[in-house]
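Chain by chain, the residues:
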Amino acid sequence: MLAAKIDPELAQRVESLIAAQTANLKAADVVELVRAVLHSMDGDLSAAHLALHSELAGLVRYIKEIKSEVAALKPVQIAEEHIPTATNELDAIVEATEEATHAIMEAAEAIETVAAKLEGEVTETLADATTRIYEACSFQDITGQRIRKVVGALKAIEGKVEHLLAAFGEEGAGAPANASRAAPANPSGADPDKNLLHGPQLPQDAKKQDEIDALFKSA
Amino acid sequence: MAVDKNMNILIVDDYKTMLRIIRNLLKQLGFNNVDEATDGSAALQKMRDGNYGLVISDWNMEPMTGLQLLKEVRADNKLKATPFIMVTAESKTENVIAAKEAGVSNYIVKPFNAATLKSKLVGVIGDF
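Since we're looking at a predicted model, the values are computed, not measured.

Draft legend 1. Structural detail: the overall build of chain A. Within chain A one finds eight helices and zero strands. Going through the 219 residues of chain A one by one, you find that 29% of them count as buried. The contacts of chain A with a sequence gap of at least 6 include a subset with a gap of at least 24, amounting to 69%. Accessible surface computed for chain A: about 13900 Å², of which carbon and sulfur atoms make up 61%.

Draft legend 2. Representation of the interface of chain B and chain A within the structure. The interface of chain B with chain A comprises 43 residues on the first partner and 44 residues on the second. For the pairing of chain B and chain A, the buried interface totals around 3800 Å² over both sides, and the portion due to carbon and sulfur atoms is 55%. Considering only the side of chain B, the residues that lose the most area to chain A are Tyr15, Thr17 and Arg20 of chain B, jointly responsible for 18% of the buried surface there. Where chain B touches chain A, the interface holds five salt bridges. At the boundary of chain B with chain A, the tally comes to 23 residue pairs in polar contact (both at pLDDT 80 or more). Elements that contribute at least two residues to the side of chain B that touches chain A include exactly α1 (16-28), α3 (66-75), α4 (93-101), β5 (106-109) and α5 (114-125) of chain B. In terms of residue count, the dominant contributor to the side of chain B that touches chain A is α1 of chain B (eight residues).

Draft legend 3. Up close: unusual backbone geometry. That bond from glutamate 62 of chain B to proline 63 of chain B is cis: its omega, 0°, falls within 30 degrees of zero. Positionally, proline 63 of chain B belongs in the loop between β3 (54-57) and α3.

Draft legend 4. Molecular detail of the nonpolar core. Formed by 34 residues in total, the largest nonpolar core has its most connected members in Ile9, Ile11, Leu26, Phe31, Ile56, Phe112 and Leu121 of chain B. Contributions of two or more residues to this core are made by α5 (75-115) and α7 (139-168) of chain A together with β1 (9-12), α1, β3, β4 (84-88) and α5 of chain B. Ranked by the residues each element gives to this core, the list is headed by α1 of chain B, at six residues. One finds Ala37, Trp59, Val73 and Val109 of chain B within the second-largest nonpolar core, a separate group that totals 29 residues.

Draft legend 5. Main features of the pairing of β5 of chain B. Residue and element names in this part refer to chain B. Side chains of β5 alternate between two faces, with Asn106 and Ile108 and Tyr107 and Val109 buried alike. With four bridges connecting them, β4 and β5 associate as parallel partners. Residue pairing for β5: valine 87 is matched across the bridge by isoleucine 108. Remark: the β4/α4/β5 crossover connection has right-handed handedness.

Draft legend 6. Representation of the environment of arginine 148 of chain A in the model. Checked against the element boundaries, arginine 148 of chain A lands in helix α7. For the pair formed by arginine 148 of chain A and valine 94 of chain A, sequence separation is 54 residues and the distance between their alpha carbons is 9.1 Å. Apart from residues lying up to four places away in sequence, arginine 148 of chain A is in contact with Asp14, Tyr15 and Asn60 of chain B.

So, how was this worked out
Residues numbered from 1 in each chain as written. Chains lettered and ligands numbered in written order. Predicted model: local features only at pLDDT ≥ 70, side-chain atom pairs only at ≥ 80, totals over all residues. Heavy atoms only, no water. Helix = DSSP H or I, 4+ residues; strand = E, 2+ residues; numbered from the N terminus. Buried < 20%, exposed > 50% of the residue type's maximum accessible area, 1.4 Å probe, protein only. Contact = heavy atoms within 4.5 Å. Areas by Shrake-Rupley, 256 points an atom, 1.4 Å probe, with all protein chains shown as cover. Buried area = accessible area lost by both parts, 1.4 Å probe. Salt bridge = Lys/Arg side-chain N within 4 Å of Asp/Glu carboxyl O. Polar contact = N/O pair within 3.5 Å; in protein donor to acceptor, adjacent residues only side chain to side chain. Core = buried A, V, L, I, M, F, W, Y, C linked by side-chain atoms within 4.5 Å. Pairing = 2+ DSSP bridges. Right-handed = clockwise from strand over helix to strand, strands pointing away.

Rendered as structure tokens:
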């Protein structure tokens, strides 16, 4: 096959490149190897070699096209601008909702204190209303957890973009700047139940308390 | 035996707004000795240093989850009999089963209302 027709040293390099094919294979490595193969064939005009030469040259052109299309996506901008902007905004949302929720509850607590000094139906109505306020304020916890899931999804995208950069980008560009933004390492060691951390379900999928009760009884 | 409303209760959640909500609802039910922790390991330390008649805990926290806290509590000779209610947005079947298997006393899914909190409390510590 290929090995018989081409310089043995090159054939070996091709084989080892194929064997080492992992997600970390860089386009630059492929281009370099193809160039080396082409160079070793210079001057040899047999039909088989010309066909191979043409194929390989096509491969180099294709890789160059991909590189420029990837560059056109401006992956560095995605990883270093768009996604951090998005995650910063989301963090700001969580903070703002927390502040407002505390303010609402403080006011409700003041109402509750005053209501305790009254009597009869007025007290009961006020007490019920403040209970409803406390219950509703739990939104901030849920929205915060949903936002955490969104941030996780964004970081996953960022990771994939950086991967793409590493494979197809210019050398040196796209060095993982995500090290500091990576998910915090779990200091207490690997948690075997990590896969249970789903967060809130979407409303159409979420189990209500009575379904949970039935599960709980039967578990 | 009547429920001692003076019992110490520990509430654990990484969201301070949720801690405030539960504290207020417990107050409405007559429980005023409420302590807080924002993660499982702080909670465990408080429990070891204290004397809590009930723990109400979230699940999704770092560095120690509520499930890990529950397992630590049930494995600790001094703490293992402590009533432990999980209050969490985790609602998949596997979550409820895992919590039950780890020895949780009751399971409340968020968002919850005051009536549910009361009934799950009654289920665990008795009528009041």
